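Results of the structural survey
Next come the chains, spelled out residue by residue.
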Amino acid sequence: MRNIGVIFKKQLKDTFKNKTVLIQFLMFPVMTLIMDNLVSIPILDMPENFFVKLFSVMYIGMAPLMSVGSIIAEEKEKNTLRVLTMANVKPWEYLLGVGLYVWTLCMIGAGVMATGLPKEQIPFFMGIMAVGFLISIAAGACVGVFAQNQMAATSIVMPVMLVLSFAPMLSMFNDKIEKVSRVFFTQQLRVLMDTMTFDGIKSETLAVVGINAVIAILLFFVAFKRKGLE
């Protein structure tokens with residue numbers, strides 16, 4: 001726990017130096033507050049809390065994925081991980097510290113986005129965000145471990161990030177895209193946000209989210225076994 005706490009504090013300090021990672025945590029909460037308060041929903045005939053739900057799914061598909069992949073790849077490139085290994089920090093302690101750090105900051109951002117929701121919907125919303133962040137973090141860790149450097153990590157994560165974040169948004173306007181995007185966990189989480197109740201959870205949703213989580217975890221272990229943190 002001490003090593004994990006040290007990694008957590010280290011990443012917190014590094015974030016304020018790394019503007020690329022910092023922007024990932026701030027962009028969508030800030031955009032949600034601006035759009036939700038400045039755009040009039042009745043005039044545009046939009047559903048209630050449209051921007052909160054839209055940007056929340058994009059937040060899940062972008063921020064954790066990009067942040068974790070970028071952090072791990074950058075520290076591999078700068079040989080920071082080798083120094084940590086020599087200081088008796090085990091790989092699982094480092095990965096858990098980074099994952100916990102990104103998850104915590106994303107959940108804080110989700111809490112900011114939830115301020116526009118009715119109070120009774122906030123616990124359900126935060127639960128959805130928590131699950132989505134965990135899957136996205138596992139996928140980001142897979143990319144970070146597999147990539148040789150930060151530039152390679154960005155090139156790998158970019159198409160994955162675009163699919164996971166924009167497919168749910170485009171599916172609202174195109175039935176064909178909706179049929180294809182149903183295999184992604186972000187699309188299923190967006191469907192849950194439309195209902196905001198446990199009654200709206202279907203077996204298909206649970207199956208897709210579960211399969212996506214298993215795939216992300218398996219890919220991470222495959223990448224870690226092949227590449228390690230060195």
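Residues numbered from 1 in each chain as written. Predicted model: local features only at pLDDT ≥ 70, side-chain atom pairs only at ≥ 80, totals over all residues. Heavy atoms only, no water.

**Concerning the overall build of the chain**
Note the threshold: Numbering goes from the N terminus for both helices and strands, where a helix is a DSSP run of H or I of at least four residues and a strand is a run of E of at least two. Each radius of gyration reported is based on C-alpha atoms, and the globular scaling rule is 2.2 Å times the count of residues to the power 0.38. To sort residues, take the accessible area from a 1.4 Å probe on protein chains only and compare it with the maximum for the residue type: under 20% means buried, over 50% means exposed, and anything in between is partly exposed. The contact rule is simple, with two residues in contact once any of their heavy atoms fall within 4.5 Å. Note on areas: Shrake-Rupley with a 1.4 Å probe; residue coverage comes only from the protein chains shown. This count recognises Lys and Arg as positive and Asp and Glu as negative, with His and chain-terminal groups excluded. Every charge is mapped onto a representative atom, which is NZ of Lys, CZ of Arg, CG of Asp or CD of Glu.
In terms of regular secondary structure, the chain is built from 11 helices and 0 strands. Ordered by position from the N terminus, the helices and strands of the chain form the series α-α-α-α-α-α-α-α-α-α-α. Here the C-alpha atoms of the chain give a radius of gyration of 18 Å, agreeing with the 17 Å that 2.2 N^0.38 yields for 230 residues. Summarising its shape, the C-alpha atoms of the chain cover approximately 60 × 30 × 30 Å along the three principal directions. Looking at the chain residue by residue over its 230 residues, the buried ones come to 47%. A separation of at least 24 residues holds for 75% of the contacts in the chain among residues at least 6 apart in sequence. Carbon and sulfur atoms provide 70% of the accessible area of the chain, an area that totals close to 12,000 Å². A distance of 11 Å separates the average location of the 20 positive side-chain charges in the chain from that of its 15 negative side-chain charges.

**A few points about helix 10 (residues 185-195)**
Taking burial as the measure, the 11 residues of helix 10 include 8 buried ones, the bulk of the element. By the burial criterion, the buried members of helix 10 are F185, T186, Q187, Q188, L189, R190, L192 and M193. Looking at the buried residues of helix 10, the elements they touch are helix 4 (50-77), helix 7 (122-146), helix 8 (150-171), helix 9 (175-181) and helix 11 (203-227). Downstream of helix 10 by one or two residues, M196 has phi in the positive range, about 60 degrees.

**A short note on the side chain of E75**
Basically, it comes down to this: Two N or O atoms form a polar contact when they lie within 3.5 Å of each other; inside protein one atom must be a possible hydrogen donor and the other a possible acceptor, and for residues adjacent in sequence the pair counts only when both atoms belong to side chains.
In this fold, E75 is placed in helix 4. Side chain to side chain, E75 and Y94 meet in a polar contact 2.6 Å long.

**A look at helix 8**
Formally: The span expected for a helix works out to 1.5 Å for each residue beyond the first. Here the bend at a residue means the angle between the axes of two seven-residue stretches, the one that ends at it and the one that starts at it.
With 22 residues, helix 8 extends 31 Å between its outermost C-alpha atoms, agreeing within 8% with the 32 Å of an ideal straight helix rising 1.5 Å per residue. Roughly 30 degrees is the biggest bend found in helix 8, and it falls at V157, with proline P159 one to four residues downstream. Those residues of helix 8 that fall on the buried side of the exposure criterion are A153, V157, M161, L164, S165, A167, P168, M169 and S171. Next to the buried residues of helix 8 lie helix 4, helix 7, helix 9 and helix 10.

**Description of the pattern of salt bridges**
The condition that has to hold: Salt bridges are defined as contacts in which a side-chain nitrogen from Lys or Arg sits within 4 Å of a carboxyl oxygen from Asp or Glu.
In the structure shown here, the tally under the stated rule is 2 salt bridges. Residues D194 and R190 are paired through a salt bridge, measuring 3.0 Å at the closest nitrogen-oxygen approach. With D194 and R190 both in helix 10 and 4 residues apart, the pair spans about one turn of that helix. Since its relative accessible area comes to 43%, D194 is described here as partly exposed.

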